[in-house]
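Listed below, chain by chain, are the residues.
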Amino acid sequence: RVSKKKLRALKMIAIGTTLVLLVALLDSRVRPVITTLSTYQAKLAATQSINDAVIQVINEEDVIYNSIITLTQADDGEVSSISTDMITINRLKAEITNKISDRLKLDASRTIRIPIGTVLGGQILSGRGPRIEFKVLPAGYVHTEIYNNFKAAGINQTLHQIMLSVDATVSAVSPVYTVTTTVNTNICIAETIIVGRVPGAFTDINGDKADEIGMYNDYGAHLNS
């Protein structure tokens with residue numbers, strides 16, 4: 001009887017050890033895939049929520065370039081200065097931040113599902129089998145920043161953009177795994193092209209710096225010669 005009890009105990013220990021090893025092996029294979037897929041889905045869902053919130057505020061506030069920026073022109077019509085309405089900027093920033101936070105909380109009620117066949121890998125199993133469910137939840141504060149961006153848009157023309165930068169931390173939560181990631185996105189709120197005086201001649205420098213004097217091509221001077 002004692003031998004049978006010991007044998008039964010050894011069998012139970014062996015079975016338990018085997019199950020633990022199988023679970024550990026499955027976890028080591030499945031966890032990286034779930035982490036990658038859930039991180040991607042969390043960023044995708046959060047970015048959509050952020051874009052929807054920003055678009056809603058812009059439409060409600062009827063945001064246009066002239067409502068934020070004032071261009072001052074000299075007597076000859078050239079732009080001499082650019083001033084920003086900081087009161088409007090700060091109010092817009094606060095409204096966008098609050099709207100994004102509310103939208104992330106609202107969209108957290110949606111459930112995202114990933115087929116277990118996709119997690120296990122392989123073309124045959126991809127998209128098949130039961131689905132692993134998780135939700136995207138806000139995991140920290142939303143940070144927003146509105147800044148100016150200037151780009152050359154031609155000869156003496158400048159593209160001026162009012163950009164919004166959004167950083168948000170979200171978590172993809174499932175019954176077994178939880179993944180936290182940061183979403184970074186930049187959105188153009190308004191833009192315009194500032195046109196200055198077109199010069200009579202301009203110089204284009206090409207190539208490396210070996211012979212800078214030989215790379216001066218003064219097209220305007222060439223046409224006038």
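Residues numbered from 1 in each chain as written. Predicted model: local features only at pLDDT ≥ 70, side-chain atom pairs only at ≥ 80, totals over all residues. Heavy atoms only, no water.

A closer look at the overall build of the protein chain
Selection criterion: Secondary structure is summarised from DSSP: a helix means a run of H or I of at least four residues, a strand means a run of E of at least two, and numbering begins at the N terminus for each. Residue exposure (1.4 Å probe, protein chains only): buried if accessible area is under 20% of the type maximum, exposed if over 50%, otherwise partly exposed. Note on areas: Shrake-Rupley with a 1.4 Å probe; residue coverage comes only from the protein chains shown.
Within the protein chain one finds four helices and nine strands. Helices and strands appear in the protein chain in the N-to-C order α-β-β-α-β-α-β-β-β-β-β-β-α. When the 225 residues of the protein chain are sorted by exposure, 27% land in the buried category. Surface exposure of the protein chain reaches about 15,000 Å², of which carbon and sulfur atoms provide 56%.

Comments concerning unusual backbone geometry
Glycine aside, a negative phi is what most residues show, and trans is what most peptide bonds show. You will see that Asp-62, though not glycine, has its phi angle at about 50 degrees, which is positive. With respect to the secondary-structure elements, Asp-62 resides in the loop between helix H1 (2-61) and strand S1 (69-73). Judged by its relative accessible area of 56%, Asp-62 falls in the exposed class.

Description of the nonpolar core
Quick note on the threshold: Residues enter a nonpolar core if they are buried and are Ala, Val, Leu, Ile, Met, Phe, Trp, Tyr or Cys, with the set joined through side-chain atoms within 4.5 Å. Pairs of residues are marked as contacts when any of their non-hydrogen atoms sit within 4.5 Å.
Formed by 34 residues in total, the largest nonpolar core has its most connected members in Ile-50, Val-54, Leu-92, Ile-100 and Ile-189. Contributions of two or more residues to this core are made by H1, helix H2 (86-107), strand S3 (112-115), strand S4 (131-138), strand S6 (157-173) and strand S7 (178-195). Ranked by residues supplied to this core, first place goes to H1 with eight residues. Other than its neighbours up to four places away in sequence, Val-54 contacts Ile-96, Ile-100, Leu-164 and Ile-187.

Details of the environment of Lys-99
With respect to the secondary-structure elements, Lys-99 resides in helix H2. Residue classification places Lys-99 among the partly exposed residues on the basis of a relative accessible area of 24%.

Here's the deal with the side chain of Thr-88
Among the secondary structure elements, Thr-88 is positioned in helix H2. Of the residues examined, Thr-88 reaches a relative accessible area of 16% and is grouped as buried.

What to know about H2
Our working rule: Given a helix with a known number of residues, its expected span is that number minus one, times 1.5 Å. Arc, as used here, means the arc of the directions from the helix axis to the C-beta atoms.
Taking 1.5 Å per residue as the helical rise, H2 with its 22 residues ought to reach 32 Å, and the 31 Å between its terminal C-alpha atoms agrees with that figure. By the burial criterion, the buried members of H2 are Thr-88, Ile-89, Leu-92, Ile-96, Thr-97, Ile-100, Leu-104 and Asp-107. Buried positions in H2, seen along its axis, are confined to an arc of 160 degrees and lie on one side of it. Opposite the buried face of H2, by more than 90 degrees, sit the exposed residues Ile-87, Lys-105 and Leu-106.

Quick word on the pattern of salt bridges
Condition: Counted as salt bridges are all cases of a side-chain nitrogen of Lys or Arg within 4 Å of a carboxyl oxygen of Asp or Glu.
Scanning all chains against the criterion turns up five salt bridges. For Arg-91, the salt bridge goes to Glu-95, with nearest N and O atoms at 3.5 Å. In this pair, Arg-91 and Glu-95 are both assigned in helix H2, four residues apart and thus about one turn of the helix distant. We note a salt bridge from Asp-107 to Arg-103, for which the minimum N-O separation is 3.4 Å. Linking Asp-107 with Arg-103, this pair stays in helix H2, spanning four residues, or about one helical turn.

Focus on a nonpolar patch on the surface
Note the threshold: Within this analysis, patches are made of residues with over 30% relative accessible area and no salt bridge. Like charges are joined at 9 Å or less; nonpolar side chains (Val, Leu, Ile, Met, Phe, Trp, Tyr) at 5 Å or less.
On the surface, Met-12, Ile-15 and Leu-19 cluster together to form a nonpolar patch covering roughly 320 Å² of accessible area. Counting through the fold element by element, Met-12 comes out in helix H1.

With respect to the pairing of S6
We apply this condition: Each pair of strands is called paired provided DSSP finds at least two bridges between the two strands.
The element S6 is extensively covered by neighbouring structure, given that 12 of its 17 residues are classed as buried. Remark: two residues form the turn of the hairpin made by strand S5 (residues 143-154) and S6, two consecutive strands paired antiparallel; Asn-156 in that turn has positive phi of roughly 60 degrees. Examined bridge by bridge, S6 and S7 share 17 bridges and lie antiparallel to one another. Across the sheet, the residue bridging to Val-173 is Thr-178, located in S7. Adjacent in sequence and paired antiparallel, S6 and S7 are bridged by four residues.

Comments concerning the confidence of the model for the protein chain
The cut-off we apply is this: Residue-level confidence of the predictor, termed pLDDT, takes values from 0 up to 100.
Mean pLDDT over the protein chain works out to 78, with 75% of the residues at or above the 70 mark. For the protein chain, per-element mean pLDDT is lowest for helix H4 (residues 219-224), which scores 49, and highest for H2, which scores 91.

Remarks on the side chain of Thr-144
To keep it simple, the criterion reads: Polar contacts here mean pairs of N or O atoms no more than 3.5 Å apart (in protein, one a potential hydrogen donor and the other a potential acceptor; neighbouring residues in sequence count only if both atoms are side-chain atoms).
Checked against the element boundaries, Thr-144 lands in strand S5. Overall, the relative accessible area of 3% leaves Thr-144 in the buried class. Looking at Thr-144, its side chain comes within polar contact range of the side chain of Thr-97, at 2.6 Å. In this structure Thr-144 touches Lys-93, Thr-97, Ile-100, Leu-164, Ser-165 and Val-166, once residues within four positions along its chain are discounted.

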